Amino acid sequence: MNKSIILVGLDYIVAGFALTYIAVKTKSLEITIGAHAANNIFLALFLTTDDSVFGSIPSLFKVANTEPGANLIWSIVMFSVFYIVCRGKIKKEEAAEKDQLIA
């Protein structure tokens, strides 16, 4: 947040919107809770900075210089790919729902 409150805030909004959209479309919180947990675990184990929430825990890589704009773009790309992966589950549920309406 020290670098750019607007870009970091937008990053949080993008993540929240993407996960909420997937939760609404799948009518389940399982995928979104799992994605949020996986994201946090990945960041804790692989990428930490001295000023992050995880602090000085040992991780595989330590990021020296972060760019909030690049993080925002990465989040948009990552959540777009995650939606494409989840789209298969969404289509299966919509087909099952359609079959129930017909029967």
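### Some details on the side chain of Asp11
Move 1: Tracing the backbone shows Asp11 in helix α1 (residues 5-26).
Move 2: A residue is classified by how much of its surface remains accessible, and Asp11, at 17% relative accessible area, is buried.
Move 3: Filtering out sequence-adjacent residues up to four positions away, Asp11 remains in contact with Asn71, Leu72 and Ser75.

### Some words on the confidence of the model for the protein
Any region with low pLDDT has predicted coordinates that should not be read closely.
Move 1: Per-residue confidence for the protein gives a mean pLDDT of 82; residues scoring 70 or more make up 97%.
Move 2: Looking at the elements of the protein, mean pLDDT is at its lowest for strand β2 (residues 61-62), recorded as 77, and at its highest for α1, recorded as 89.

### Regarding unusual backbone geometry
Move 1: The backbone of Lys27 shows a phi angle near 55°, a positive value even though the residue is not glycine.
Move 2: Note that Lys27 resides in the loop between α1 and α2 (30-46).
Move 3: The exposure class assigned to Lys27 is exposed, which follows from its relative accessible area of 61%.

### A word on the nonpolar core
Move 1: Counting five residues, the largest nonpolar core consists of Ala15, Ala18, Leu19, Ala35 and Phe79.
Move 2: No other element matches α1, which puts three residues into this core.

### Concerning the packing of aromatic side chains
Move 1: For the structure shown, the criterion picks out three aromatic pairs.
Move 2: Between the aromatic rings of Phe42 and Phe46, the centroid separation amounts to 5.2 Å while the plane-to-plane angle is 40°, which identifies the pairing as tilted. A residue pair is termed a helical-turn pair when its members lie 3 or 4 positions apart in one helix, as Phe42 and Phe46 do in helix α2 at four residues.
Move 3: In this structure an aromatic cluster arises from ring pairing among Phe17, Tyr21 and Tyr83.

### A closer look at α1
Move 1: End to end, α1 covers 31 Å across 22 residues, agreeing with the expected 32 Å (1.5 Å per residue, within 8%).
Move 2: Every buried residue of α1 is accounted for by Val8, Asp11, Ala15, Ala18, Leu19, Ile22, Ala23 and Thr26. Projection of α1 onto a plane perpendicular to its axis shows the buried side chains occupying an angular sector of 130°, all on one side. The outward face of α1, more than 90 degrees from its buried face, is lined by the exposed residues Ile5, Ile6, Ile13, Phe17 and Val24.
Move 3: Buried positions along α1 lie against α2 and α3 (68-102).
Move 4: Remark: Lys27 follows α1 within two positions and exhibits a positive phi of approximately 55°.

The rules behind each value
Residues numbered from 1 in each chain as written. Predicted model: local features only at pLDDT ≥ 70, side-chain atom pairs only at ≥ 80, totals over all residues. Heavy atoms only, no water. Helix = DSSP H or I, 4+ residues; strand = E, 2+ residues; numbered from the N terminus. Buried < 20%, exposed > 50% of the residue type's maximum accessible area, 1.4 Å probe, protein only. Contact = heavy atoms within 4.5 Å. pLDDT = per-residue confidence, 0-100. Core = buried A, V, L, I, M, F, W, Y, C linked by side-chain atoms within 4.5 Å. Phe/Tyr/Trp six-rings, centres within 6.5 Å; stacked < 30°, edge-to-face > 60°. Expected span 1.5 Å × (residues − 1). Arc of directions from axis to C-beta.

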